[in-house]
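Remarks on the overall topology
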Amino acid sequence: MSRVAKRPVELGKGVSAEVQGQTVTIKGTKGSLALQVNSEVEVKVEGPLVKVTQRSGGSFASAAAGTTRALIANMVTGVTAGFQRKLELVGVGYRAAVQGKKLNLTLGFSHPVDYPIPNGITIETPSQTEIIVKGMDRQQVGQVAAELRSYRPPEPYKGKGVRYNDERIVIKEAKKK
């Protein structure tokens, strides 16, 4: 069995888990999240613990059990604390501003880029060059951050573009005469 799946997931205060068939629902202070579990995996709620076991002894079942346990742990974290991802805009004239349900980006194109903010995600701009993406679902937060970064990824010569807060850009040396 997967080493990850052997450890049970602890439910914190104010968090409840419910299993109906192959669907696991986690409810907390920020809301609720649901997960469709693979048929090779069995999920049991025992008091304040959620235990994940595999139904068969195959390597796929072991991998699916470890993945399911990690996803459930992320759901518990999401409904209690939530997730966030910070982005920085580096470049002259690069700006970001939230306008209603849209994020308006000025990234050096001939036109502004309007990104519609999906449901379950909140985007803040503490300054014109910072974007903070927040939400309960870790996968959705990461996907939105990746989509924003894809509009203008950092280039290797000056480092201009949209980058993650903790991302390190290796700058190439310019051509010599």
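Residues numbered from 1 in each chain as written. Predicted model: local features only at pLDDT ≥ 70, side-chain atom pairs only at ≥ 80, totals over all residues. Heavy atoms only, no water.

1. A short note on the pattern of salt bridges
Here the structure, examined in full by the defined rule, presents 5 salt bridges. Lys 44 is the partner of Glu 42 in a salt bridge, and the nearest nitrogen-oxygen pair spans 3.9 Å. Owing to a relative accessible area of 41%, Lys 44 belongs among the partly exposed residues under this scheme. Salt-bridge contacts for Lys 51 lead to Glu 46; the nearest nitrogen and oxygen are separated by 3.1 Å. (Salt bridge = Lys/Arg side-chain N within 4 Å of Asp/Glu carboxyl O. Buried < 20%, exposed > 50% of the residue type's maximum accessible area, 1.4 Å probe, protein only.)

2. What about the side chain of Gln 54?
In this structure, Gln 54 sits in strand 6 (residues 49-54). The exposure class of Gln 54 is buried, given its relative accessible area of 18%. From its side chain, Gln 54 meets the backbone nitrogen of Ser 62 in a polar contact 3.2 Å long. (Helix = DSSP H or I, 4+ residues; strand = E, 2+ residues; numbered from the N terminus. Polar contact = N/O pair within 3.5 Å; in protein donor to acceptor, adjacent residues only side chain to side chain.)

3. Describing the packing of aromatic side chains
Summed over all chains, the structure comprises 1 aromatic pair. Aromatic pair Tyr 115 and Tyr 151: ring centres 6.3 Å apart, planes at 75 degrees, arrangement edge-to-face. Taken together, the residues Tyr 115 in strand 10 (residues 113-116) and Tyr 151 in helix 3 (residues 138-151) connect sequence positions 36 residues apart. Exposure remark for Tyr 151: the relative accessible area of 31% places this residue in the partly exposed category. (Phe/Tyr/Trp six-rings, centres within 6.5 Å; stacked < 30°, edge-to-face > 60°.)

4. Some remarks on the sheet that holds strand 2 (residues 16-20)
Read across the open sheet, the 3 strands follow the order 2-3-4; overall the sheet is antiparallel. The outermost strands of the open sheet, each flanked by one partner alone, are strand 2 and strand 4 (32-36). When strand polarity is set aside, the average angle formed by the axes of neighbouring strands in this sheet is 15 degrees. Of the pairings in the sheet, the one linking strand 2 to strand 3 (residues 23-27) comprises 5 bridges and is antiparallel in character. Directly across from Ser 16, in strand 3, lies its bridge partner Lys 27. In the packing of helix 2 (residues 59-80) onto the sheet, contacts are made with strand 3 and strand 4, and the angle to strand 4 comes to roughly 170 degrees. (Pairing = 2+ DSSP bridges. Axes fitted to C-alpha atoms, helices over the stretch in contact; angles between N-to-C directions. Contact = heavy atoms within 4.5 Å.)

5. Here's the deal with the pairing of strand 4
Side-chain alternation along strand 4 places Leu 33 and Leu 35 on a buried face and Ser 32, Ala 34 and Gln 36 on a face that remains uncovered. Strand direction decides the pairing type here: strand 3 and strand 4, joined by 5 bridges, are antiparallel. Its bridge partner being in strand 4, Lys 27 is matched across the sheet by Ser 32. In textbook terms, the turn of a hairpin is the stretch between consecutive antiparallel strands, and for strand 3 and strand 4 this stretch comprises 4 residues, one of which, Gly 31, has a positive phi near 145 degrees.

6. Examining helix 3
In this model, helix 3 (14 residues) spans 21 Å end to end at C-alpha, consistent with the 20 Å of a helix rising 1.5 Å per residue. Within the sequence span of helix 3, burial applies to Val 141, Val 144, Ala 145 and Leu 148. In a view along the axis of helix 3, the buried residues occupy a sector of 95 degrees, so they form one face of it. Contact partners of the buried residues in helix 3: strand 7 (83-90), strand 9 (102-106), strand 10, strand 11 (121-124), strand 12 (130-135) and strand 13 (161-164). (Expected span 1.5 Å × (residues − 1). Arc of directions from axis to C-beta.)

7. Notes on the side chain of Asn 104
Considering the arrangement of structural elements, one finds Asn 104 in strand 9. Discounting residues that sit within four places of it in the chain, Asn 104 has contacts with Arg 95, Ala 96, Ala 97, Gln 99, Pro 112, Val 113 and Asp 114.

8. Comments concerning the environment of Val 9
Looking at the element boundaries, Val 9 is found in strand 1 (residues 9-10). With relative accessibility at 4%, the residue Val 9 sits in the buried group. Taking C-alpha positions, Val 9 is 9.7 Å from Asn 74, a pair spaced 65 residues apart along the chain. Setting aside anything within four residues of it in sequence, one finds Val 9 in contact with Pro 48, Leu 49, Val 50, Arg 69, Ile 72, Ala 73 and Val 76.

Purely geometric stuff here, so don't read any function into it on its own.
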